[in-house]
Amino acid sequence: MATSSSSTGPGRAHDLSTLRRGIEILEVLQQWAWCEDAHGWGNNRIADYLGADKSQVSRTLKVLTEAGWVERDPERKTYRLGPAIYSLGMRAADQPLMRVGAQVVRRAVAMTGCRVFLVVRRGDRAVTVWSDQPPEVQPVVASIGMMYPVAGTETGRALLYGSSPDEIREILGYSGLDEPALDRFVARVRQDREAGHSYGVLDDRSCGIVAVPIWTTGRKVVATLGAASPVLVDPANVAPVARTLLAAAAEITRQHTAAARAEVGVSAVPYQGWPARPELAGQF
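A quick note: this is a predicted structure, and the numbers were derived from the prediction, not measured. (Residues numbered from 1 in each chain as written. Predicted model: local features only at pLDDT ≥ 70, side-chain atom pairs only at ≥ 80, totals over all residues. Heavy atoms only, no water.)

**Comments concerning the nonpolar core**
Across soluble globular proteins, you tend to see nonpolar side chains buried next to one another. Ranked by size, the top nonpolar core spans 32 residues in total, and within it Val116, Leu118, Val210, Leu225, Ala227, Val241 and Leu245 carry the most contacts. Those elements that provide at least two residues to this core are helix 5 (95-112), strand 3 (115-122), strand 4 (125-132), strand 7 (208-215), strand 8 (221-229) and helix 9 (238-256). Setting aside its immediate chain neighbours within four residues, alanine 227 contacts Cys114, Arg115, Val116, Phe117, Gly208, Ile209, Val210, Leu232, Val241 and Leu245. Tyr148, Val150, Ala211 and Val221 belong to the second largest nonpolar core, which has 23 residues in total. (Core = buried A, V, L, I, M, F, W, Y, C linked by side-chain atoms within 4.5 Å. Buried < 20%, exposed > 50% of the residue type's maximum accessible area, 1.4 Å probe, protein only. Helix = DSSP H or I, 4+ residues; strand = E, 2+ residues; numbered from the N terminus. Contact = heavy atoms within 4.5 Å.)

**Regarding the environment of aspartate 178**
With respect to the helices, strands and loops of the structure, aspartate 178 is situated in the loop between helix 7 (165-171) and helix 8 (179-195). Residue classification places aspartate 178 among the partly exposed residues on the basis of a relative accessible area of 46%. A distance of 2.9 Å separates the side chain of aspartate 178 from the backbone nitrogen of alanine 181, its partner in a polar contact. (Polar contact = N/O pair within 3.5 Å; in protein donor to acceptor, adjacent residues only side chain to side chain.)

**What to know about the pattern of salt bridges**
Scanning the entire structure with this criterion turns up 13 salt bridges. Its salt-bridge partner being glutamate 66, residue lysine 62 comes within 2.6 Å of it at the nearest N-O pair. With lysine 62 and glutamate 66 both in helix 3 (residues 54-67), this residue pair falls four residues apart, about one helical turn. Look at lysine 62 and you get exposed, because its relative accessible area is 51%. Assessed through its relative accessible area of 58%, glutamate 66 is described here as exposed. In this structure, the salt-bridge partner of aspartate 132 is arginine 106, at a minimum N-O distance of 4.0 Å. Here the residue aspartate 132 occupies a position in strand 4, and arginine 106 occupies one in helix 5, the gap between them amounting to 26 residues. Arginine 106 gets classed as partly exposed once you look at its relative accessible area, which sits at 46%. Each member of the salt-bridge network shares a partner with another, and the members are Glu154, Arg157, Arg188 and Asp192. (Salt bridge = Lys/Arg side-chain N within 4 Å of Asp/Glu carboxyl O.)

**A short note on the pairing of strand 6 (residues 198-201)**
The alternating pattern of strand 6 places Ser198 and Gly200 on a buried face and Tyr199 and Val201 on a face that is not buried. Bridging between strand 6 and strand 7 involves four bridges; their strand directions are antiparallel. Bridge assignment links tyrosine 199 to a residue of strand 7, and that residue is valine 210. Linking two consecutive strands that pair antiparallel, namely strand 6 and strand 7, is a turn of six residues; a positive phi of about 60° is found at arginine 205 within it. (Pairing = 2+ DSSP bridges.)

Structure follows, in structure tokens:
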């Protein structure tokens, strides 16, 4: 019996290649949306970056634009992610976590004066799903929706506190790290977990970052909270901010897992309420 080309054969292969090209274009625009190219990339630049045919990229961009996934700047003739992507992403997120997290993040910002963000893990990538900062602080980039390797940041390491060494190795299997680098990373996660938070300073020492996990009742990490500020370059300021973040994370766990805790009759993490407003050198 002859097989329809709608299920196999060249027609299906063409459809799949077109779909892959569309996904690659969306990933390029997502990857660079928060960098210096806020106005988007043009057709030729996207095609050169992907090593793809310019006319094929142009046709795919036309379809994505008509669907609302991409929008075109008629003056600059560049493309960026469209509003339909935002709508899809918001519905893909854990809505209860987002509702609770947004409120708690706002309170943590008010207490610490730092930029505070909520991060979840998707495979070997960390995704910022919510971010807030004091009114007087201008964010360096629009970080909501930012995706980056879990192996490269403090929030990424905190996302792995609930994972065993073997699980961490499996998660990072395609990260490009060699065996010695994987060993060092697993050891770093273990050290951070014992300390209760992850901490680091940017190479140019313009900002310090501290991150803590948000646990579920099953002792798994569902998300992390991070705080970033120039005052965190001073290690003396890390402990009070970390305490505030730990209280915020416990508050999110308490609210987000209320139904599950009632069902299993256990508490996910000790909850002792919020600490006093921390005194940070040079900030208040």
